[in-house]
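# Chains, contacts and geometry: an overview
Listed below, chain by chain, are the residues.
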Amino acid sequence: MTKKLKIAVVGATGAVGEAMLSILNEYGFIDADVHALASEKSLGKSVEFGHRTLPVEVLDDYDFNGTDFGLFSAGAGISQVYAPRAAKSGCTVIDNTSAFRLDDDIPLVVPEVNGDLLENLSPGSIIANPNCSTIQMLIAIAPVHALAGIDRINVATYQSVSGAGSEGLEELARQTVARLSFKEVKPSVFAQPIAFNCIPVIDTMQDNDYTREEMKLHWETRKILRDDSIAVNATAVRVPVFYGHSEAVHLETARDIDMDAVREAMHKAPGLVLIDDTDAKAQATAVTHGAGKDETFVSRLRRDYTHPRGINMWVVSDNVRKGAALNAVQILKMIISGKMAVET
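Parameters and conventions
Residues numbered from 1 in each chain as written. Predicted model: local features only at pLDDT ≥ 70, side-chain atom pairs only at ≥ 80, totals over all residues. Heavy atoms only, no water. Axes fitted to C-alpha atoms, helices over the stretch in contact; angles between N-to-C directions. Helix = DSSP H or I, 4+ residues; strand = E, 2+ residues; numbered from the N terminus. Parallel < 35°, antiparallel > 145°, perpendicular 65-115°, else oblique. Left-handed = near helix turned anticlockwise from the far one by under 90°. Contact = heavy atoms within 4.5 Å. Buried < 20%, exposed > 50% of the residue type's maximum accessible area, 1.4 Å probe, protein only. Pairing = 2+ DSSP bridges. Right-handed = clockwise from strand over helix to strand, strands pointing away. Lys, Arg positive; Asp, Glu negative; His and termini not counted. Salt bridge = Lys/Arg side-chain N within 4 Å of Asp/Glu carboxyl O. Phe/Tyr/Trp six-rings, centres within 6.5 Å; stacked < 30°, edge-to-face > 60°. Lys NZ or Arg CZ within 6 Å of the ring centre and 35° of its normal.

## Remarks on the packing of helix α4 (residues 132–148) against helix α6 (residues 212–225)
The interhelical angle for the contact between α4 and α6, taken along N-to-C directions, is 40°, at an axis separation of 10 Å. By the criterion of interaxial angle, the relationship of α4 to α6 is oblique. Considering only the axes of α4 and α6, their crossing is right-handed. Seen from α4, the contacting residues are Ser 133, Thr 134, Met 137, Leu 138, Ile 141 and His 145; seen from α6, they are Glu 213, Lys 216, Leu 217, Glu 220, Thr 221, Ile 224 and Leu 225.

And the structure:
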């Protein structure tokens, strides 16, 4: 006997939650028993799931017993409280916040890179989704690491406002209109005006003068690649783009590697599209390639002429899709091996 898969989406009214619902529909889960959860202030609202409209349920009142999967994207504080409760009820939690990423006992997963960690997971496990900028960088560099190892990475990220949620999207839109109307711009979501500007601070400043967003790239890369020798030096910048993060990645391999071997590995890598073309019109950008796409795109791949084992690349991906919602759904799909029903 089989029963429908029961899935709870926590934070369903947010930008990532809405994307999770859309991708669950796209990836074949339209017949699942899906519940849209949010805070009490969302009571009375509804969200779209395929051709269905789901009423928003209050997270505080929801009973996770009998729920197979919980996709969490409502902030680290919410996940720290409710994810363990859900897991204790036998619900497998896939958490998109920073709450559990650095916990040694919780797998931090990019399915294309370290999906083997999902094998033989028992119900009631918690799996962490990495930070969006980490996901796309590792999709791009994992093939190189597998062939030649990586000693060091220098990366500058150019991150869209959707990384700050729907409020960030709204602030860029409002400020753009204000700028074009020659009106005063008043920032609230971001520390400084974002329209027609770049802000070199994302998240909180740490004691070492790096931001937490920058340190996430260092910490998470080591954990996912299972290599504590890799050093990641990052600068994270918020840019006036709605969807899609871009990264200038400069890495130094541990061993010599031919660029033809790098290209071949990248062409074969799952979830990665290498644009091996020097034409300016062909280069990947957040708008033309990243936004709305599932894949991570690499262009401007070249040898670093200042270092014998240096490689440079430009990496673009949709931070809300692959950097958050899609990665979570891919984890779910990998756990159930593509089956739409569970045995009961």
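## Considering the pairing of strand β2 (residues 6–10)
Where burial is concerned, most of β2 is hidden: five out of the five residues are buried. Judged by which residues are buried, β2 turns out to be covered on both faces: Lys 6, Ala 8 and Val 10 on one side and Ile 7 and Val 9 on the other are all buried. Looking at chain direction, β2 and strand β3 (residues 33–38) are connected through five bridges and run parallel. Note that in β3 the partner of Ile 7 across the bridge is Val 34. Viewed along the sheet, the connection from β2 through helix α1 (residues 15–26) into β3 turns out right-handed. Direction of pairing for β2 relative to strand β6 (residues 69–72): parallel, over a ladder of four bridges. If you follow Val 9 over to β6, its bridge partner there is Leu 71.

## Notes on the side chain of Glu 214
Assignment of secondary structure puts Glu 214 in helix α6. One buried charged residue, Glu 214, forms no salt bridge at all, with the nearest opposite charge on Arg 238 at 11 Å.

## Some thoughts on the packing of aromatic side chains
The full count for this structure, using the stated rule, is three aromatic pairs. Ring plane angle 20° and centroid distance 6.0 Å describe the contact between Phe 64 and Phe 72, whose orientation is recorded as stacked. In this structure, Phe 64 and Phe 72 share a single accessibility class: buried. Ring plane angle 40° and centroid distance 5.7 Å describe the contact between Tyr 158 and Trp 314, whose orientation is recorded as tilted. One end of the pair, Tyr 158, is in strand β9 (residues 150–159); the other, Trp 314, is in strand β14 (residues 310–317), and 156 residues separate them in sequence. A relative accessible area of 31% means that Tyr 158 is categorised as partly exposed. Feature note: the residues Tyr 62, Phe 64 and Phe 72 constitute an aromatic cluster, connected by ring pairs. The lysine or arginine in question, Arg 85, covers the ring of Tyr 82, its NZ or CZ lying 5.0 Å from the ring centre.

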